[in-house]
Amino acid sequence: MKVAVLVTCINDSLFPDTGKAVFRLLRRLGVDADFPEAQTCCGQPMVNTGYLDEAVPVVRAFAHAFAGYDHIVTPSGSCAGSARHQHGLVARRAGDPRLAETGPKVHELSEFLVDVLGVTDVNAYFPHRVTYHPTCHSLRMLGVGDKPLKLLRAVRGLDLVELPAAEECCGFGGTFAVKNAGTSTAMGADKARHVRDTGAEVLVAGDNSCLLHLGGLLSRQRSGVRVVHLADVLASTEEDA
Amino acid sequence: MPAFPVAAREALADTQLRRNLAHATGTIRAKRAAVVGEVAEWEELRLAGAAIKDNTLRRLDEHLLTLEAALQARGATVHWARDAREACAVVAGIARDHGVDEVVKVKSMATQEIGLNEVLAEHGVTAWETDLAELIVQLGDDLPSHILVPAIHRNRAEIREIFRREMGAAGRPAPDGLTDDPAELAGAARLHLREKFLRAKMAVSGANFAVAESGTLVVVESEGNGRMCLTLPEVLVSVVGIEKVVPTWSDLDVFLQLLPRSSTGERMNPYTSAWSGVTPGDGPQEMHVVLLDNGRTRALADEVGRQALRCIRCSACLNVCPVYERTGGHAYGSVYPGPIGAILNPLLKGVGVDEQTDSLPYASSLCGACFEACPVRIDIPEVLVHLRSQVVDAHRGGAPKPEAVAMKAASWVLSDARRLGLAERGLGVANRALTRFGRRVLPGGRRALSRLPWPGSLWTDARDLPAPPRESFRSWWRKEKR
Ligand code: SF4
């Protein structure tokens, strides 16, 4: 089984620790995964803003970088959703069906662990009070269901508290966060309030872009709540504590 | 009308409005979820609804001709209207022929879409809205902000004020000492409206469905005021969008199950009125049907967008939409607000025409809650992205906007890993430069930036941004793994 990790452009440039966590976690589970260095981005920033011509070369680079792998795993529900559901659109635009061939092989991290590897207990240790936000694209575009929760419940020391109105969007939405900044922050403020209401120390999600937005709001409110990617939680062990 | 982000500002700043909206949509959302949960085969029903509409749209011309023939056979007069101007002219002409100076109306989105009330007013004809919420909106000289609950942005106290202030000038005044008790408010509206029903010679309606095989129009409502309109006046004019046609009564059956649960959260709606042509001595003695295009054939020609014509105007997508919940309906600048409005307006009007229409496909975080709720499975996020690409394409060729320049640059960097790696070399410098300004420390120890110059300010006006890391993942990998 040849496995590659799609680190994603946001993780690569802003949250490199999440990429490292995915590799630590996979190695612990006996998976020898590659980081194809030709990878860049899934093309979602362009597609979702309507720039399909601009997305074509990016998706071409993606298809090229990940050709030949059986599974591609990524710590982003949003990028997995984009690869699976939007690369077809870009392929049609380019008149090149090969651009859509890698998309179906992309799995969001929790899907890969539960569906492909068949594990829910990854032997992690994270002694904190945690609440979990199921990001929209994981929840609705991919339908990951309760897989992330199953993984979190098996983490030793972790105290999972339920997030009110968990299924509501945090308001990030890529360029929506700046194009409609007022609406975006109004949505995020409500989400941040729900997070604070839980009394959790840590907010966990499967997408650093949503956490970038929520973490930014929680920090501005001086809430003291830390945002942590699911991969970072699952990679943690006693030694890290 | 200003573009969506600007139009939304007022609502975002109005805390009373936002509370009203959050409360109203939250209540109806819970009701809907409960009654939808009762139907074991809900997903099959949704699929059936979508399939019937798709099949009908595929042969829309044939079904419309069947409808026309059936209506004519039952004594109705059928008019075809290409656009708002033609449709309004037909209705105004009928009013003139009968010498009326007022008409009663049952809530109809199609007539609002074409601005019928305003055109009738130009011809000296006053149109009275008889749906309770529409009445509130009309008396308050306001615009509807929700498909189903047009006065959703008003609370009880505001409604009482509007009734006391405005009812007298429009007809029977509000009773003395009117309180904001819902039953009293409804009673005042009933007395006020009854006078109008009994006096009016002509009524104007819309239709939720038009059954082709029998030439039957169907209106679904909660109050019974619509039925009064449909049965009391002598002349009835129905303005119907061409996408409302369903081939048979058994097709209608599916939608009568989907609609009330999705819209009002009821198992069945209180009033379903169906009328086919004219019956001597019973109901209106003259019936006109205006079949309205007004951009629908344009939407139909759009391969991805045509699914929007399946819409049965249930408003479920509005009630679950987090953007609608914060901005209200007025920001969409149309009788069709919320997620469906964000796609239907550009589809009907075409993109690249004005800034406001072009801003609508971007008025969404693409969270997908609308698609999940839609009883006819309109993939609204898919259509939004599709329309965004049309908006972008419509502006190619001219002087590029800063956004287009940024996207071109991003595409250039992101289509080649070497270029991206070079760009990321700047991270170390940025890290050293910016951490000096980043006084705030995020929980966990990372520095945060709180004030960036434009366009970064669009982010940092309300949110902190973590300072860039010292090195990218890619550069770490190269050092560690090789
Ligand atoms: S798009 Fe779907 S959910 Fe929205 S009003 Fe139309 S039918 Fe209802």
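Residues numbered from 1 in each chain as written. Chains lettered and ligands numbered in written order. Predicted model: local features only at pLDDT ≥ 70, side-chain atom pairs only at ≥ 80, totals over all residues. Heavy atoms only, no water.

Where an unreviewed UniProt entry is consulted, chain B appears under the name Lactate utilization protein B, with the organism given as Amycolatopsis mongoliensis.

If you check an unreviewed UniProt entry, chain A appears there as (Fe-S)-binding protein from Amycolatopsis mongoliensis.

Details of the environment of Glu 134 of chain B
All names here are of chain B. Inspection of the secondary structure puts Glu 134 in helix H8 (residues 132-139). Residue class for Glu 134 comes out buried when judged on its relative accessible area of 3%. Linking Glu 134 and Lys 107, residues 27 residues apart in sequence, is a C-alpha distance of 6.9 Å. If we ignore the near neighbours within four places in the chain, the residues touching Glu 134 are Lys 107, Gln 112, Glu 129, Pro 144 and Pro 150. (Helix = DSSP H or I, 4+ residues; strand = E, 2+ residues; numbered from the N terminus. Buried < 20%, exposed > 50% of the residue type's maximum accessible area, 1.4 Å probe, protein only. Contact = heavy atoms within 4.5 Å.)

Focus: helix H2 (residues 16-28) of chain A
With 13 residues, H2 of chain A should reach 18 Å at 1.5 Å per residue; the first-to-last C-alpha distance of 19 Å fits that figure. Residues of H2 of chain A that are buried: Pro 16, Thr 18, Gly 19, Lys 20, Ala 21, Val 22, Phe 23, Leu 25 and Leu 26 of chain A. (Expected span 1.5 Å × (residues − 1).)

A look at the UniProt feature "domain: LUD" (unreviewed entry) in chain B
The UniProt record annotates "domain: LUD" (unreviewed entry) at residues 68-292 of chain B. Between the C-alpha atoms that bound residues 68-292 of chain B there is a distance of 13 Å. The span itself is 42% helix and 21% strand. (UniProt positions renumbered as here; feature names shortened; annotations may be inferred.)

Describing the interface of chain A and chain B
When the parts come together, some accessible area is lost, and that loss is often what is quoted as the size of the interface. In this complex, chain A contributes 65 residues to the contact, which on the side of chain B involves 65 residues. Taken together, the two surfaces of chain A and chain B that pack against each other cover about 5600 Å², and 58% of this comes from carbon and sulfur. When the buried surface of chain A facing chain B is broken down by residue, Glu 37, Tyr 51 and Arg 220 of chain A rank first, second and third, together holding 13% of it. Run the count over chain A and chain B and you get twelve salt bridges. Between Arg 478 of chain B and Glu 37 of chain A there is a salt bridge whose closest N-O contact spans 3.0 Å. Counting across the chain A and chain B interface gives 31 residue pairs in polar contact (both at pLDDT 80 or more). When residues in the side of chain A that touches chain B are grouped by element, the largest group, eight residues, is from helix H10 (residues 181-198) of chain A. Residue composition of the side of chain A that touches chain B, by class: 31 nonpolar, 20 polar and 14 charged. (Buried area = accessible area lost by both parts, 1.4 Å probe. Salt bridge = Lys/Arg side-chain N within 4 Å of Asp/Glu carboxyl O. Polar contact = N/O pair within 3.5 Å; in protein donor to acceptor, adjacent residues only side chain to side chain. Nonpolar A, V, L, I, M, F, W, Y, C, P; charged D, E, K, R; others polar.)

Overview of the sheet that holds strand E6 (residues 216-221) of chain B
All names here are of chain B. Within the open sheet, the four strands sit side by side as E8-E5-E6-E9. Their pairing is mixed. One side of each edge strand has no neighbouring strand; the edge strands of this open sheet are strand E8 (245-246) and strand E9 (271-275). Bridging between strand E5 (residues 209-211) and E6 involves three bridges; their strand directions are antiparallel. Bridge pairing in E6 places Phe 209 opposite Val 218. Those strands touched by helix H12 (residues 249-263) are E5, E6, E8 and E9, and its axis lies near 160° from that of E5. (Pairing = 2+ DSSP bridges. Axes fitted to C-alpha atoms, helices over the stretch in contact; angles between N-to-C directions.)

Side note on the site of the ligand
All names here are of chain B. Neighbouring residues of the ligand: Cys 311, Ile 312, Arg 313, Cys 314, Ser 315, Ala 316, Cys 317, Ile 340, Cys 374, Pro 375, Val 376 and Ile 378. Mapping the ligand onto the cavity grids shows that it belongs to the second largest cavity. Residue composition of the shell around the ligand, grouped by class: ten nonpolar, one polar and one charged. (Near = heavy atom within 4 Å. 1 Å grid on protein atoms, 1.4 Å probe; cavity = no way out; pocket = protein on both sides within 12 Å on 5 of 7 lines; lining within 4 Å. Sits in = over half its atoms within 2 Å of the grid points.)

Considering the domain arrangement of chain B
Splitting chain B by domain gives domain 1 (39-169 + 184-294) and domain 2 (402-479). Using only C-alpha atoms to locate each centre, domain 1 of chain B and domain 2 of chain B end up separated by 54 Å. (Domains from an automatic or database assignment.)

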